[in-house]
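Understanding the architecture of this molecule
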Amino acid sequence: MRAFTLFTSAATAALAIATPAFAQTDPNPSPTITDPRDNNRITIALGAVSMPDYEGADSNSFTPAGAIVGSVRGHDFFLRGTQLYFNLIPNTGEVGINYEIGVIGGVRRDRTGDIDNRQVRALGKIDTAYELGGYVGIGKTGVITSDYDTITARVAYVHDVSGTYDSYVITPQVNYTTPLSVRTLVSLGVSADYAGKGFGRTYAAVTPIGSLNSGLRTYDVNDSGFRRANASLFVVQSLSGDLRHGFGVGAGVLYGRMLGKYKNTPIVADVGDADQWLYALGLTYTF
């Protein structure tokens, strides 16, 4: 499900640079956007991702990936993984503080398809989980490198409404974005997932029947806790000369570390790897 995350973060970072962010470097700067109805932009990204076969796997495979992110009448939206975020507070595009209160809808498809590892495959497929939730956040423009770099902190909450894992995931996130010019942008991010016990019982536990079928030792998760931490680096380079429109190329890397009982489950500790790497490369188009 994380095949989209790298492109999403890169495209989101590009959109986070409102018109004023390029005022110093743009030879023909546009006026500041103060009416949210005029703040419209969409970025589409397509490419390829090298990602783990399942969350906690010890090998990667290549897969096509894509994402969409944008702002319509000042309302920002973006995909994070397979979750769609939509900010209910219009962003005027002005330099300074911006607040976020939004809704989230998504799907979770980990271990819903074919798995290369024979023992994990023997545990059986997991149904797709459908999630609904919301998030709050705050962003500040003008932090370290210039008046136009941005740091954003948010906390997201989703709950499974399909009965697949019948629990919740809380995700604190911090992203820092700095434009090096109108052509080049760099984004850094860190995040973590705190999951309820129903999530652990679905994705990390091995039942006695599962142990008999797979040969893995039995394992239970009977409480909530942090399951994973992530750090990412993304670079976007415009091919048209301006990140605000036209084609660009994006590349990035994401490192994830499984934590606690999610690191110790035999699905990870015995036949997988607690260190998770994801690499992406692709084209973006902004209009």
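Residues numbered from 1 in each chain as written. Predicted model: local features only at pLDDT ≥ 70, side-chain atom pairs only at ≥ 80, totals over all residues. Heavy atoms only, no water.

Turning next to the overall build of the protein chain. When helices and strands are counted, the protein chain shows six helices and 12 strands. The 287 residues of the protein chain split such that 51% are buried. In the protein chain, of all internal contacts separated by at least 6 residues, the share reaching a separation of at least 24 is 64%. Carbon and sulfur atoms make up 59% of the accessible area of the protein chain, which totals about 12800 Å². (Helix = DSSP H or I, 4+ residues; strand = E, 2+ residues; numbered from the N terminus. Buried < 20%, exposed > 50% of the residue type's maximum accessible area, 1.4 Å probe, protein only. Contact = heavy atoms within 4.5 Å. Areas by Shrake-Rupley, 256 points an atom, 1.4 Å probe, with all protein chains shown as cover.)

Glancing now at the nonpolar core. The biggest cluster of nonpolar side chains holds 29 residues, and the ones touching the most others in it are Tyr54, Tyr165 and Phe199. For this core, the secondary-structure elements that each account for two or more residues are strand E6 (129-141), strand E7 (150-160), helix H3 (197-203) and helix H6 (266-269). With residues near it in sequence (within four places) discarded, Tyr54 still touches Asp110, Arg111, Ile115, Asn117, Val120, Ile267, Val271, Gly272 and Gln276. Counting six residues, the second-largest nonpolar core is a separate cluster that includes Met51, Ala65, Leu278 and Ala280. (Core = buried A, V, L, I, M, F, W, Y, C linked by side-chain atoms within 4.5 Å.)

With the rule as written, the count across this model stands at 10 salt bridges. Here Asp114 and Lys125 are joined by a salt bridge, their closest N and O atoms 3.8 Å apart. Here Lys125 lies in the loop between helix H2 (118-122) and E6 and Asp114 lies in the loop between strand E5 (97-108) and H2, a separation of 11 residues in the sequence. Assessed through its relative accessible area of 66%, Asp114 is described here as exposed. Between Arg217 and Asp270 there is a salt bridge whose closest N-O contact spans 2.8 Å. (Salt bridge = Lys/Arg side-chain N within 4 Å of Asp/Glu carboxyl O.)

Applying the stated criterion to the full structure yields 12 aromatic pairs. Here a set of aromatic residues connected by ring pairs shows up, and it is made of Tyr165, Phe199, Tyr203 and Tyr262. (Phe/Tyr/Trp six-rings, centres within 6.5 Å; stacked < 30°, edge-to-face > 60°.)

This paragraph deals with the sheet that holds strand E2 (residues 60-72). Strand order around the closed barrel formed by 12 strands is E1-E2-E3-E4-E5-E6-E7-E8-E9-E10-E11-E12, with antiparallel pairing between neighbours. Ignoring strand direction, the axes of neighbouring strands in this sheet form an average angle of 20°. Across four bridges, strand E3 (residues 75-80) lies against strand E4 (residues 83-87) in antiparallel orientation. For Phe78, the partnering residue across the bridge sits in E4 and is Tyr85. (Pairing = 2+ DSSP bridges. Axes fitted to C-alpha atoms, helices over the stretch in contact; angles between N-to-C directions.)

Within the secondary structure layout, Thr128 lies in the loop between H2 and E6. Leaving out residues up to four positions away in the same chain, Thr128 has contacts with Val107, Arg108, Arg109, Thr112, Ser162 and Thr164.

Let us now look at the pairing of E3. Note: E2 against E3, four bridges, orientation antiparallel. Within E3, the residue paired with Ser71 across the bridge is Asp76. Between E2 and E3, which pair antiparallel and follow one another directly, the connecting turn spans two residues, one of which, Arg73, has a positive phi of 50°. In this antiparallel pair of consecutive strands, E3 and E4, the connection spans two residues, and Gly81 shows a positive phi of 65°.

Let's shift gears to unusual backbone geometry. A positive phi angle, close to 50°, is found at Arg73, a residue other than glycine. With phi around 50°, Asp166 is a residue other than glycine that occupies positive phi space. Along the polypeptide, Asp166 turns up in the loop between E7 and strand E8 (168-179). Under the relative-accessibility criterion, Asp166 is labelled exposed at 55%.

Bringing the environment of Ile101 into the picture now. Within the element layout of this structure, Ile101 appears in strand E5. Spatially, the C-alpha atoms of Ile101 and Ile138 are 9.0 Å apart, while their sequence positions differ by 37 residues. For Ile101, the contacting residues outside a window of four places in its chain are Phe86, Asn87, Leu88, Ile89, Tyr135 and Val136.

Turning our attention to a nonpolar patch on the surface. A surface patch of nonpolar side chains, about 770 Å² in accessible area, is lined by Ile44, Leu46, Ile68, Leu239, Phe247, Leu283, Tyr285 and Phe287. Those elements that place two or more of their residues in the nonpolar patch are strand E1 (41-52) and strand E12 (275-286). Within the secondary structure, Ile44 is located in strand E1. (Patch = residues over 30% accessible without salt bridge, like charges linked within 9 Å, V, L, I, M, F, W, Y side chains within 5 Å.)

Scope: geometric values only; no functional claims are made or implied.
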